[in-house]
Amino acid sequence: MNKFTLLISAVSQRVCIIVVLLALVNTNLVAQGGGNQWTKDGNAYWTNERGEIVQYTLPEQTRSVIVDAAMLTPAGKNQALRVRSFQLSKDNRKVLIYTNSVRVWRMDTRGDYWVLDLDKKTLKQLGANLPVSSLMFAKFSPDGSKVAYVSKHNLYVENLADSKTTQLTKDGTDKIINGTFDWAYEEEFFCRDGFRWSPDGNNIAYWQIDATAVKYFLMMNTTDSIYSYTIPVEYPKVGETPSACRVGIVPVKGGATRWMNVPGDNRQHYIPRMSWAANATEIVLQQLDRKQQVSKIFLCNITNGTAKVILEEKDEAWVDVHLDPNQDWDWINGGKEFLWLTEKDGWRHYYRVSRDGKQEKLITAGNYDVIDPGMIDEKNNVVYFIASPDNATEKYLYKTNLDGSGKAERLSPANTQGTYGYQFAPSGRFAQQRFSNVNTRPQSDWVSISDCKPLKAKTEGVKTESVGPKVEFFQVTTADNVTMDGWVVKPTNFDPQKKYPVVFYVYTEPAGQTVNNSWGTGNANMYQGSMADDGYVYISLDNRGTPAPKGRAWRKSIYRKIGLVNIHDQAMGAKEVFKWGYIDTSRVAVWGWSGGGSATLNLLFQHPEIYKAGFSVAAVANQLCYDNIYQERYMGLPQENMEDFVKGSPITYAKNLKGKLLYVHGTGDDNVHYQNAELLINELIKHNKQFQMMAYPNRSHGISEGEGTSTHLGTMFTKFLRENCPPGGK
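Residues numbered from 1 in each chain as written. Predicted model: local features only at pLDDT ≥ 70, side-chain atom pairs only at ≥ 80, totals over all residues. Heavy atoms only, no water.

Going by what an unreviewed UniProt entry lists, the chain is known as Dipeptidyl-peptidase IV and is assigned to Haliscomenobacter hydrossis.

### Thoughts on the overall build of the chain
Summing up its helical and strand segments, the chain has 10 helices and 42 strands in all. A compact globule built from 730 residues should have a C-alpha radius of gyration of about 27 Å, and the chain, at 26 Å, falls within 12% of that. The principal-axis extents of the C-alpha atoms in the chain amount to approximately 75 × 65 × 60 Å. Across the 730 residues in the chain, those meeting the buried criterion constitute 60%. Surface summary for the chain: the accessible area is close to 28,700 Å², and the carbon and sulfur share equals 48%. Here the chain carries 82 positive and 77 negative side-chain charges, and the mean point of each set is 1 Å from the other. (Helix = DSSP H or I, 4+ residues; strand = E, 2+ residues; numbered from the N terminus. Rg over C-alpha atoms; globule rule 2.2 N^0.38 Å. Buried < 20%, exposed > 50% of the residue type's maximum accessible area, 1.4 Å probe, protein only. Areas by Shrake-Rupley, 256 points an atom, 1.4 Å probe, with all protein chains shown as cover. Lys, Arg positive; Asp, Glu negative; His and termini not counted. Charge placed at Lys NZ, Arg CZ, Asp CG, Glu CD.)

### As for the sheet that holds strand S23 (residues 307-314)
The strand order S20-S21-S22-S23 describes an open sheet built from 4 strands, whose pairing is antiparallel. The open sheet has two edge strands with one neighbour each: strand S20 (269-276) and S23. Shown here is a sheet whose adjacent strand axes are inclined to one another by a mean of 20 degrees, direction ignored. Pairing analysis gives 7 bridges linking strand S22 (residues 294-301) to S23, with the strands arranged antiparallel. Residue Lys296 lies in a different strand from S23, and its bridge partner there is Glu312. (Pairing = 2+ DSSP bridges. Axes fitted to C-alpha atoms, helices over the stretch in contact; angles between N-to-C directions.)

### Some remarks on the UniProt feature "domain: Dipeptidylpeptidase IV N-terminal" (unreviewed entry) in the chain
Per the UniProt record, "domain: Dipeptidylpeptidase IV N-terminal" (unreviewed entry) is found at residues 89-441. In residues 89-441, helix accounts for 2% and strand for 48%; the two terminal C-alpha atoms are 35 Å from one another. (UniProt positions renumbered as here; feature names shortened; annotations may be inferred.)

### What about the domain arrangement of the chain?
Per the domain assignment, the segments of the chain are domain 1 (32-163), domain 2 (168-329), domain 3 (335-455) and domain 4 (471-724). Relative placement of domain 1 and domain 4: their C-alpha centres are 43 Å apart. (Domains from an automatic or database assignment.)

### Section: the nonpolar core
Tyr185, Val247, Ile283 and Leu285 are the most contacted members of the largest nonpolar core, which totals 46 residues. When residues of this core are traced back to their parent elements, those giving at least two are helix H2 (183-189), strand S15 (203-210), strand S16 (216-221), strand S18 (244-251), S20, strand S21 (282-289), S22 and helix H7 (628-635). Beyond its immediate chain neighbours, meaning those up to four positions away, Leu285 contacts Val247, Val262, Ile271, Arg273, Met274, Lys296, Ile297, Phe298, Cys300 and Trp329. With 43 residues, the next largest nonpolar core counts Val502, Met572, Val588 and Leu657 among its residues. (Core = buried A, V, L, I, M, F, W, Y, C linked by side-chain atoms within 4.5 Å. Contact = heavy atoms within 4.5 Å.)

Okay, structure coming up:
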């Protein structure tokens, strides 16, 4: 399924890998104003270091303290605020401090906010009359005179001069959600921050989610009190009606909201992206139909609410949402054009589109995918982006001409292979370059954007090192002529004349790769000890349908076939691995978490002739039990093609179990509900299939809460492998 602790335990229904965990953490920081905060000229940034806010000036990288602990200590207190993140007003004279944070679903997006005025030397709490740790997504107005925020699903604006607070919405409840999102929007569209200041500071555009028609899924807490109690989670299962969504404009001075007249039944479509349209009179938004096969871009007039389609895209599978939900639309040419990512020519590319949508031009032409957006340097006619035309396991910085006249040029150092990432300075001159590969720990350096050379002469650039397990990359081509990337970690004292047990690590679904040339890949962190030292061959393969930069056809071949195409590819890939000669085919184990847990079950059940033991964590045993946004995007509607859901669900094949199975699930999992475990258990019992099972009381999807949990889980994993797939060469 789709998203994230170093134990590979961390997280969401889909991607239990370190890279995605880091991406989500970054998303949360952006939503709360975290990360580096740039000065007006774009040549210096402020960052939080050991309880102080410091400035680094580029290119010299000189450091100076801007805000010390004394300045962060409220009047009458003897302890400084613990800065979770912060943001600056445009004039850099006010600092908005986020502290005392509380987790909401995946991230700690609720907390307290304070404003530090650097000129007046004052530190004042916002929303002082509202409940503790109830404020969300506070943001300065464009002129820095006000701050808007959400509390208890309502929007507020506070004037910093006199602390006068205006409540802009008053209908917020647990089911009417203003300025933020429900569980499904957050999990599947990564939407959290749900409002935007107008450029002139007079209005706020915001989402309203109406979840009144969404049923509660009741989870049971039996551990935190003598009497058990239920925890209601509003959770739309696949096939169930989505939350209604609309976008409105409310004056900052208070008054009625004007709703945008986006056509269609608002319970049968989604609005995953919205931004101001390079002016203070219009907004732009993206609408997806319920099956996410039709994307429409609307330009909306905030005065009369009219909504006009300026761009439409259709896909027989699904249309991806590529824009970062926390970033503005990519307007260029004074708002007359914008950049848009689409796969309509078979590859994910940037197009330059006129404001009315009538003209468009491909600017990143070629048989490769734009993996991640970078930066637009309109002054120099350049757009930067991340791509890897020659190796789907890696990432590099490229640039091309913004007018579409040139070819993509690689900027990342040519003498190193791995994964590069960049944070760009607004000045367009510098970037923080981050690099890692399977044998090199993450490292960063400040470079000039034009050539990716380090700013400091004494810096030698990327330094490769050999640490961690020795990971080798390979490719196999199956009997179906499908070529898959993979990695392997061989036993420490490998002898090709011996036969070794193999452990496959799987994910397999549309939102996560496991085969990446980046730090952490190949690490068996769940295992207590060293799998290599103990004599295991550890392998992972990326099948069709994973989000590798191999073009649309590769990624979308899995449409309506989750549990079939991915499982078939993995099994056929395993058969090719067996040809290497040193694999003991009587000792073959597979394991995975979340979507990987589902794949583990399907592999064990559908291919018992290959896989002899499986360790499955937090799996979706029945696809009808997961949320509508994810399942309907990749599988369609069960009302229309129920057979695909049945054919792809592990529970359908449970009767075929022959090998050893250990199934693990947290009873407090609000993502992949524990009901999956009980449905699977019933089916296994029905067919007299013997297995092992571990339920972690009141643990969530990451199974990380509670003293000793991670150690217990790792010990159990290790014991299971050693007993059911004995280590060592023979």
